[in-house]
Amino acid sequence: MNENVRILKPLFRGLPIIILAMLILILAAKKYLNYVTPMYESTAKLKLADVQEGVPSANLFKDFDVFASANKIATEIEVLKSNLLIGKAIDELPFNKEIYRKGNVRSVELFRNSPIVIDGTFNSEKALDKRYGLDIISNKEFVFYYPDSENGIPGYFGKSLSINGGILLIHLNDPFIKSKKDLKIIDSYEFEFLSKQKLMDKINKNLDIVAVDKDVPVIRINLKSNVPEKAALFVNKLAEVYVKDYIESKFRAADTTVDFLKKEINTSNKNLSASENNIQNFRDKEHIINIPQETETDLRKIAQLKIEKVNLKMNLDAIKDLNKYIANAKGNYLDLAPNFEAFTDLLSTEMIKNMKSLQAEKKDLLLTYTPENEKVKVIDAKLKDLTDYQIESIKNTENNLQTKYSELTNEINESEKVFIGLPEKEKKLTILNRDFNLYEKNYNFLNEKRIDAEIAKSAKIAFHKVISPAEISTTPVSPIRSIIIIVAAIMGMFGSIVLIYIVHFAKAKVNDVYTIEKNSSIPVAIATPYIKVNAQIEDHFLKEALQIELKGLVQEKGIITISSYDNTRAHLFHSKNLIKAFCSQGRKVLVVDTTGEFLNQIDHNSYINFSDSKYLSAIQSVFKNEIEQKMASHELCIIHNQAINKGRLALLFMSIASQNFVVLDSRKTAEKTILAIELLQEEYHLPNMWFILNKSGYNPSIFSCVKKGYRKYLNK
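Described in the following lines is the structure provided in the data block.

On to the layout of surface pockets. Approximately 820 Å³ is the volume found for the largest pocket. Lining the largest pocket are 24 residues, and of these Arg569, Asp665, Lys668, Asn694 and Lys695 lie nearest its centre. If you list the elements that add at least two residues to the lining of the largest pocket, you get helix H15 (569-584), strand E19 (659-665), strand E20 (689-696) and helix H19 (702-715). Taken together, the residues of the lining of the largest pocket break down into nine nonpolar, five polar and 10 charged.

Quick look at the structure:
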């Protein structure tokens, strides 16, 4: 048999149990759903300001708009979950008291649809977080009950009622009562005034705030409540409080910033003025107008003076050489040919020309006159005057150039003194200018930010916005009827399947040929199916008798023992019908009855009864001799044996048989019996043992078993 089919056989058999269990659990789930308090969920979506887009990214709100800061989404979620914001939202909602209409199984909360209105003032927190009872007797009277108290306190609508820790005022909700024509007022109620902490814990338990996506600045606010209107009111109020809180935070931040900036601007202005005065004082003290320009002018002046000094030096050196040359001539001035490159004024040039002219004239006169002549002497006198004048002029020119050179050198030295201490002045002026620039930049920056902060302070707007406000839910999110019913059906199915297999494996019956072959080396001779029609019994056993013969199990003068383990009735059916089948084949069959169940059913010539108690003390040879005597006139001997587990002679008769058939009932015989029989065979060396499986493939339904059991009960 296919292994999968074998595994599924208990499942097929227990199918009615599975269906019944599923139906029971489905009905139980529906009953549960009728009494469980449904939970409703409302969701609001809040978009956070994006610093990369829109107005918040402008410079106007860059530093002072609270919404423009690059907050992480996770941080904003934690802010929304904070007790501060939740507490603010609760303070603005009428959630601090709950009124219930009391039922036999569950109580239903009445929110804005209660026929009574309860107000209370409390001087002790002990009166809070307690479920009080209230029975309305009439339109005027009621009875108040403390928690877990059976004694009530009478009261009247509209009159205050003193309780432990406070005072209650209960009156009818007339507008609501008038709007509901068939409203039932006289009933049992419960109410509770919640402390803020308990209310926050209750909300936190069912509040869920998550991001739509880690990269999308949108937050989803969810709240579950048994009252759908409460859930919608709270999530909308929380989103509103969140936006308001941030607007207030922005205003406070901007206001604080403006005050701070004004103080800093005043301080910066003083520092800036002081810095300006320091620069002015330093410039006045050091006589500084513009250091770069002054320095450049002085440098140009010194360079020009140095150029003049070089030129003057060259002229001075030339005139010194000329003067030295003339001095070395020792009065022979007119015989010299000096280089007058350094002495080139017009007067000197003209004098040299006159001197040359006079010298030429003298030469002409000497041709006519003697050197003692007055004309020659006059010319000599003129030449001497010019020569002396020229030599004196050269000396004076040298002195003059020397004086100019010395003055020019002194002037250059004086000019260079201007640069003494200049780096230090520049350093100090640079420091003063740097301080001035710093104070000026700080002053300008603070003024710009003050303007931005004042604009931000005036702009009471937020860039967060509610993009999807919560709506009152009409469909509960829990319990989900379809899922609970399906889960109940699945649990019933799996639970019953597990139970079926637990029972199946706990019973551990033989079930089929595979089980026998798996647990024993003893072969199966025949497998008899469950025969429902009696008319088919004879034909079937004739077929089985033929199968046994073809397998070589029926031998001439052979002895066949038919046994079972616990009860002789388990193999009586096979003993009876195999005997009939062999007889129908024309065989002379000797029936050995060890139980007395065939008494008066078989011809006494072919019948031996060993059921009498006198045989209990007989030995093997006694039974063997008697059977051999009878076998002289018979072809085959069939022994209807006692139960192996209970019969005292069962093993003895099996030992004298040539073939041993042990009948196993697939529905009644335990699986462990197979191993027990095999152990007996090995222990007592029982010959040629075979199994016969009765009711092979029989897998009755539970209904059949119940019906059969019921019939047995009626028969009893």
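Once the structure has been displayed, the description carries forward.
Quick look at a nonpolar patch on the surface now. A contiguous nonpolar surface patch, about 410 Å² in accessible area, is contributed by Leu25, Ile480, Ile483, Val487 and Met491. Ranked by the residues each element gives to the nonpolar patch, the list is headed by helix H12 (residues 481-507), at three residues. With respect to the helices, strands and loops of the structure, Ile480 is situated in the loop between strand E13 (465-468) and H12.

Right, let's get into the nonpolar core. Nonpolar side chains tend toward joint burial in soluble globular proteins. The biggest cluster of nonpolar side chains holds 34 residues, and the ones touching the most others in it are Leu207, Ile221, Phe234 and Leu238. Elements with a minimum of two residues in this core: strand E1 (40-47), helix H3 (73-81), helix H4 (83-91), helix H6 (196-206), strand E11 (207-213), strand E12 (216-225) and helix H7 (228-286). Excluding residues within four positions of it along the chain, Phe234 makes contact with Ile86, Ala89, Ile90, Leu93, Phe95, Ile203, Leu207 and Leu223.

Let's shift gears to the sheet that holds strand E9 (residues 166-172). Taken in spatial order, the three strands make up an open sheet running E4-E9-E8, and their pairing is antiparallel. The two strands at the open ends of the sheet, each matched to only one other strand, are strand E4 (116-122) and strand E8 (160-163). Strand-to-strand twist across the sheet, computed as the mean angle between neighbouring axes with direction ignored, equals 25°. Pairing of E8 with E9, which is carried by four bridges, proceeds in the antiparallel orientation. Bridge pairing links Ile163 to Gly166 in E9.

Looking now at the packing of aromatic side chains. For the structure on display, the rule yields 17 aromatic pairs. Ring plane angle 40° and centroid distance 5.8 Å describe the contact between Tyr615 and Phe623, whose orientation is recorded as tilted. On the basis of relative accessible area, Phe623 is assigned to the buried category, the value being 0%. Ring pairs connect the aromatic residues Phe122, Tyr132, Phe144, Tyr146, Phe191 and Phe193, which therefore count as one cluster. Geometry around Tyr100 places Arg131 over its ring, the cationic atom sitting 4.2 Å from the centre. It is Lys159 that lies over the ring of Tyr156; its NZ or CZ is 5.5 Å from the centre.

The rules behind each value
Chains are numbered independently. Their residues run from 1 in the order of the written sequence. Owing to the predicted nature of the model, reporting of local features is limited to residues with pLDDT of at least 70; listing and counting of side-chain atom pairs is limited to 80 or more, with chain, interface and lining totals taken over all residues. The basis for every side-chain value is the complete set of heavy atoms in the structure, and neither hydrogens nor water enter the calculation. The way it works is a 1 Å grid over only the protein atoms, where trapped points that fit a 1.4 Å probe form a cavity and open points with protein on both sides within 12 Å along at least five of seven lines form a pocket, and then any residue with an atom within 4 Å of a point lines it. Grid points are joined across faces, edges and corners, and a volume is the space filled by probe spheres set on the points. Here a strand is any run of E in DSSP of at least two residues, a helix any run of H or I of at least four, and the numbering for each starts at the N terminus. The nonpolar class holds Ala, Val, Leu, Ile, Met, Phe, Trp, Tyr, Cys and Pro. Asp, Glu, Lys and Arg form the charged class, and all remaining residues, Gly among them, are polar. Patch membership is restricted to residues that have no salt bridge and whose relative accessible area is over 30%. Joining uses 9 Å for like charges and 5 Å for the nonpolar side chains Val, Leu, Ile, Met, Phe, Trp and Tyr. Surface accessibility in these figures is a Shrake-Rupley result with a 1.4 Å probe; residues are shielded only by whichever protein chains are displayed. For this analysis, a salt bridge means a side-chain nitrogen from Lys or Arg found within 4 Å of a carboxyl oxygen belonging to Asp or Glu. Think of a nonpolar core as a cluster: buried Ala, Val, Leu, Ile, Met, Phe, Trp, Tyr and Cys residues, connected wherever their side-chain atoms sit within 4.5 Å. Using a 1.4 Å probe on the protein chains alone, a residue whose accessible area is under 20% of its type maximum counts as buried, one over 50% counts as exposed, and one in between counts as partly exposed. Contact definition: two residues touch when any of their heavy atoms are within 4.5 Å. At least two bridges found by DSSP between two strands is the condition for calling them paired. Helix axes are fitted only over the stretch in contact, all axes being lines through C-alpha atoms; the angle between N-to-C directions runs from 0 to 180 degrees. Think of it this way: a Phe, Tyr or Trp ring, Trp meaning its six-membered ring, pairs with another when their centres are within 6.5 Å, and the plane angle makes it stacked under 30 degrees, edge-to-face over 60, tilted otherwise. Whether a charge sits over a ring comes down to the Lys NZ or Arg CZ being within 6 Å of the ring centre and within 35 degrees of the ring normal.

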